[in-house]
2 protein chains.
Amino acid sequence: MPYLSAIHKSVLFRKIPREDLPSLLEKLDSQLKHYAKDQVIHPAGRKVRRAGVLLEGEAVLFEEDFWERSSELDRLKAGRILLASDAAAHANALYTVRAAKPCVILWFDVREILTLDAGREGNTELLRSFMQELAVQNRELYARILDLDRSSTKEKLLSYLSKEAHRQNRNEFDIPYDRRELAEYLSVERSAMSAELSRLVKEGYLTTRRNHFRLLKKS
Amino acid sequence: MPYLSAIHKSVLFRKIPREDLPSLLEKLDSQLKHYAKDQVIHPAGRKVRRAGVLLEGEAVLFEEDFWERSSELDRLKAGRILLASDAAAHANALYTVRAAKPCVILWFDVREILTLDAGREGNTELLRSFMQELAVQNRELYARILDLDRSSTKEKLLSYLSKEAHRQNRNEFDIPYDRRELAEYLSVERSAMSAELSRLVKEGYLTTRRNHFRLLKKS
DNA sequence: AACCGGTTGTTGTTTTTCCAACACGTGTAA
DNA sequence: TTACACGTGTTGGAAAAACAACAACCGGTT
């Protein structure tokens, strides 16, 4: 069985005992496919029938709008899941997936996860991982919406930092982004954000150096 | 069994035969709780152990940031699911849930869904509904992020309208929002958005009247 | 037809953001 | 040590969005 170790590294299958994998994969009606660089893996708008694990390579997600202007949405590296929610919802893909490098993908039928014999240990584990994956992603997306759904850069920053403090459960913490990446996450312009951060420091909301922040209660 | 018909109306349980509900609910370790108006149903930051179905009443979601400024995020009516992804992810709530009106909530253990005897017909159905719910919400959140993650009102509008055309599979369609609601969804100011729409019409991107739109290929 | 409330479009002003250019500090390698 | 790349902060002018106020329009009611 090729790629077994890559499969075992993905979030979905890492909790399954390695020796249970082959029979599980068979029950899932899974299938390995290879894609050449730049090949379309799944076109936007087409019904998604199966989810995939990107075992090797790199994929880009992008959309093309009604006026034929395209924009890149995300890049996925090996180990990530493709089209999971779309497959689970039996819906049409919101975006096109294309191979940025030669890709190897393990496709599997999401509905099969549900009908597997629950008695077998590994099967429940797979289901648990899949649901966990959906749920975690759900929360990440919602958290980002809470940050983006603000009228000004200042509010976006305070929302993000506040949530980070809450998450790490202290008022002094590191963030996983540098300024450029933070600006991208908040969908604002880098230098304007930098200026806004300086203003926040002046106004006594916080202190910061590089990716380290300390939030201050205003007296 | 009280509230049986309300339970049967929620997205999660509507596909379960009514007569199977009582025993299913028992296996789920489910529990009815009543909340007075303004009572906190679940505080932000606390670990979520169970998901709930709002059977009666109305709940508000809101967050309070580090500087103690609070903002309302959403309002849920009867039939909606509470804290589903948070419970499935065994994570801390991102927001506080409060009763806007007296509420009745059916709490249940998400993990129990997984370990139910899959042989029983209704159990798989519940799991399917739950997963479907997570997946659909996932897609909605992602679609909104794609709209919000644009630098200008113009791009937000084009992104939203384009996606709607794609979804309805035609270039002429109605949207489910009036101007005020659309502005809120895109997180921009209503009158500025109206002005931008006029500009788009002048530039030949589309025509619109009220909530009806027709997108035009530019010649 | 006249009225009314609610929705939508317009206009002028103020505020915020974008953008481009550059300055400064830090860490790395020659 | 100097040179250089890179991340970050700053600044001034251009563009966009917010804001407030009002006008036009629409659908429903009397």
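Predicted model only: the values in this text are computed from it and were never measured. (Residues numbered from 1 in each chain as written. Chains lettered and ligands numbered in written order. Predicted model: local features only at pLDDT ≥ 70, side-chain atom pairs only at ≥ 80, totals over all residues. Heavy atoms only, no water.)

## Structural notes on the overall build of chain A
This is how it is decided: Helix numbers and strand numbers start at the N terminus; a helix is a DSSP run of H or I with at least 4 residues, a strand a run of E with at least 2. Between buried and exposed lies partly exposed: a residue is buried under 20% and exposed over 50% of the maximum accessible area for its type, with that area taken using a 1.4 Å probe on protein chains only. Every residue pair with non-hydrogen atoms within 4.5 Å of one another is taken to be in contact. Note that His is not counted, nor are the chain ends; the positive residues are Lys and Arg, and the negative ones are Asp and Glu. Where a charge lies is defined by one atom per residue type, namely NZ (Lys), CZ (Arg), CG (Asp) and CD (Glu).
Counting secondary structure elements, chain A contains eight helices and 11 strands. For chain A, the spread of C-alpha atoms along the principal axes amounts to about 60 × 45 × 25 Å. Expressed as a percentage of its 219 residues, the buried residues of chain A come to 49%. In chain A, 65% of the contacts between residues at least 6 apart in sequence involve partners at least 24 apart. The distance from the centre of the 38 positive side-chain charges to the centre of the 33 negative ones in chain A is 4 Å.

## Here we look at the protein's contact with DNA strand C
Heads up, the condition is: What makes a residue near a molecule or strand is one non-hydrogen atom of that residue sitting within 4 Å of it. What qualifies as a polar contact is a pair of N or O atoms within 3.5 Å, subject to a donor-acceptor requirement within protein and to the restriction that residues adjacent in sequence count only when both atoms come from side chains. We call Asp, Glu, Lys and Arg charged. Ala, Val, Leu, Ile, Met, Phe, Trp, Tyr, Cys and Pro are nonpolar, and the rest, Gly among them, are polar.
DNA strand C sits among 15 residues. The nearest are Thr153(A), Arg179(B), Arg190(B), Ser194(B) and Ser198(B). In this structure, Arg179(B) approaches DNA strand C through a main-chain N or O atom, which is 2.7 Å from a phosphate oxygen. Ser194(B) places a polar side-chain atom, nitrogen or oxygen, 2.7 Å from a phosphate oxygen of DNA strand C. Contributing elements (two or more residues each) for the surface near DNA strand C: helix 8 (190-202) of chain A together with helix 7 (179-186) and helix 8 (190-202) of chain B. Among the elements that take part in the surface near DNA strand C, helix 8 of chain B stands out by supplying four residues, more than any other. Within the surface near DNA strand C, the residues separate by chemical class into two nonpolar, six polar and seven charged.

## Considerations on the sheet that holds strand 6 (residues 81-82) of chain A
All names here are of chain A. The following threshold applies: When DSSP finds two or more bridges between two strands, those strands count as paired.
Taken in spatial order, the four strands make up an open sheet running 1-8-3-6, and their pairing is antiparallel. The outermost strands of the open sheet, each flanked by one partner alone, are strand 1 (31-35) and strand 6. Here strand 3 (residues 51-56) runs beside strand 8 (residues 103-108); their pairing, made up of five bridges, is antiparallel. Bridge pairing in strand 8 links Glu-56 to Val-104.

## Description of the side chain of Asp109(A)
Residues and elements named next belong to chain A. Along the chain, the position of Asp-109 falls in the loop between strand 8 and helix 4 (110-115). Classification of Asp-109 as buried rests on a relative accessible area of 13%. What Asp-109 contacts, discounting residues up to four positions off in sequence, is Leu-28, Arg-49 and Arg-50.

## Quick notes on the side chain of Lys156(A)
The following threshold applies: Take a side-chain nitrogen of Lys or Arg and a carboxyl oxygen of Asp or Glu: if they are within 4 Å of each other, that pair is a salt bridge.
For Lys156(A), the location among the structural elements is in helix 6 (residues 153-168). The charged side chain of Lys156(A) is buried without a salt bridge, its nearest counter-charge being Asp149(B) at 7.6 Å. Among all residues touching Lys156(A), those that are not within four sequence positions of it are Asp147(A), Leu148(A), Arg150(A), Leu186(A), Ser187(A) and Val188(A).

## A closer look at the relation of the copies chain A and chain B
Spelled out, the test is: Copy-to-copy superposition: least squares on the C-alpha atoms, limited to residues that have pLDDT of at least 70 in both copies.
Least-squares fitting of chain A to chain B yields an RMSD of 0.0 Å, with the superposition described by an axial translation of 0.0 Å and a rotation of 180°. The two molecules are tied by a two-fold rotation axis, judged by turn and shift. Comparing contact sets, 100% of the residues at the interface of chain A also lie at the interface in chain B, consistent with an isologous, same-surface contact.

## Looking at the nonpolar core
Nonpolar side chains in soluble globular proteins tend to be buried together. Operational definition: Residues belong to one nonpolar core when they are buried, are Ala, Val, Leu, Ile, Met, Phe, Trp, Tyr or Cys, and are joined through side-chain atoms within 4.5 Å.
If you look at the biggest cluster of nonpolar residues, it comprises 107 residues, and the most contacted ones within it are Phe13(A), Phe130(A), Phe13(B) and Phe130(B). Dropping the residues within four chain positions of it, Phe130(A) is found in contact with Leu12(A), Ala84(A), Ala88(A), Phe108(A), Val110(A), Ile113(A) and Met131(B). Ranked by size, the runner-up nonpolar core spans 21 residues in total, among them Tyr160(A), Leu182(A), Val188(A) and Leu215(A).

## A word on the pairing of strand 3 of chain A
All names here are of chain A. Counting buried positions along strand 3 yields five of six residues, so the element is predominantly enclosed. Of the strand pairs in this sheet, strand 3 and strand 6 are connected by two bridges, and their pairing is antiparallel. From the neighbouring strand, Gly-52 faces strand 6, where its bridge partner is Leu-82.

## Some details on the environment of Ser71(A)
The topology assignment puts Ser71(A) in strand 5 (residues 70-77). The sequence separation of Ser71(A) and Leu61(A) amounts to 10 residues, and the corresponding C-alpha distance is 8.8 Å. Setting aside residues no more than four positions away along its own chain, Ser71(A) makes contact with Leu61(A), Phe62(A), Glu63(A) and Arg150(B). Here the side chain of Ser71(A) touches Arg150(B) through a polar contact of 3.5 Å, side chain to side chain.

## Notes on helix 8 of chain B
Because an α-helix packs 3.6 residues into every turn, residues spaced three or four apart end up facing the same way. All names here are of chain B. This is how it is decided: Under the convention used throughout, the expected extent of a helix is 1.5 Å for every residue step, that is, one less than its residue count. Throughout, the arc means that of the directions going from the helix axis to the C-beta atoms.
Over its 13 residues, helix 8 runs 19 Å from end to end, which matches the ideal 18 Å to within 8%, given 1.5 Å per residue. Burial in helix 8 covers these residues: Met-193, Glu-196, Leu-197 and Leu-200. For helix 8, the angular spread of the buried residues around the axis is 105°, confining them to a single face. Lining the buried residues of helix 8 we find helix 6 (153-168), helix 7, strand 10 (206-209) and strand 11 (212-215).

## A few points about the protein's contact with DNA strand D
Neighbouring DNA strand D are 17 residues, the closest being Arg179(A), Arg190(A), Ser194(A), Ser198(A) and Thr153(B). Counting only the atoms of DNA strand D within 4 Å of the protein, the fraction contributed by sugar and phosphate is 71%. Between DNA strand D and Ser191(B), the relevant distance is 3.3 Å, taken from a base nitrogen to a side-chain nitrogen or oxygen of the residue. Contact distances for DNA strand D include 3.2 Å between a sugar or linking oxygen and a side-chain N or O atom of Arg210(B). The set of elements that each furnish at least two residues to the surface near DNA strand D consists of helix 7 (179-186) and helix 8 of chain A together with helix 8 of chain B. If you tally residues by element for the surface near DNA strand D, the top one is helix 8 of chain A, at four residues. Residue composition of the surface near DNA strand D, by class: two nonpolar, six polar and nine charged.

## Looking at helix 6 of chain A
Taking 1.5 Å of rise per residue, 16 residues should cover 22 Å, and helix 6 of chain A covers 22 Å from first to last C-alpha, within 8% of that figure. In the segment just after helix 6 of chain A, Asn169(A) is the residue with positive phi, at about 60°.

## Remarks on the sheet that holds strand 8 (residues 103-108) of chain B
Pairing between the strands of a sheet comes from backbone hydrogen bonds, and it takes one of two forms, parallel or antiparallel. Within the open sheet, the four strands sit side by side as 1-8-3-6 (chain B). Their pairing is antiparallel. Taken across any chain shown, the strands that pair with only one partner, and hence form the sheet edges, are strand 1 (31-35) and strand 6 (81-82) of chain B.

## Some details on the interface of chain A and chain B
Convention followed: Buried area, as used here, totals the accessible surface that two parts lose on assembly, with accessibility defined by a 1.4 Å probe and the loss added over both.
The partner chain B presents 62 residues to the 62 residues of chain A that form the contact. Taken over both partners, the interface formed by chain A and chain B buries close to 5,500 Å², and the fraction arising from carbon and sulfur atoms is 63%. In terms of surface lost to chain B, no three residues of chain A exceed Phe66(A), Trp67(A) and Arg139(A), which account for 15% of the buried area on that side. Counting across the interface, chain A meets chain B through 12 salt bridges. Lys163(A) is the salt-bridge partner of Glu63(B), the closest N and O atoms lying 3.7 Å from each other. The tally of links from chain A across to chain B stands at 23 residue pairs in polar contact (both at pLDDT 80 or more).

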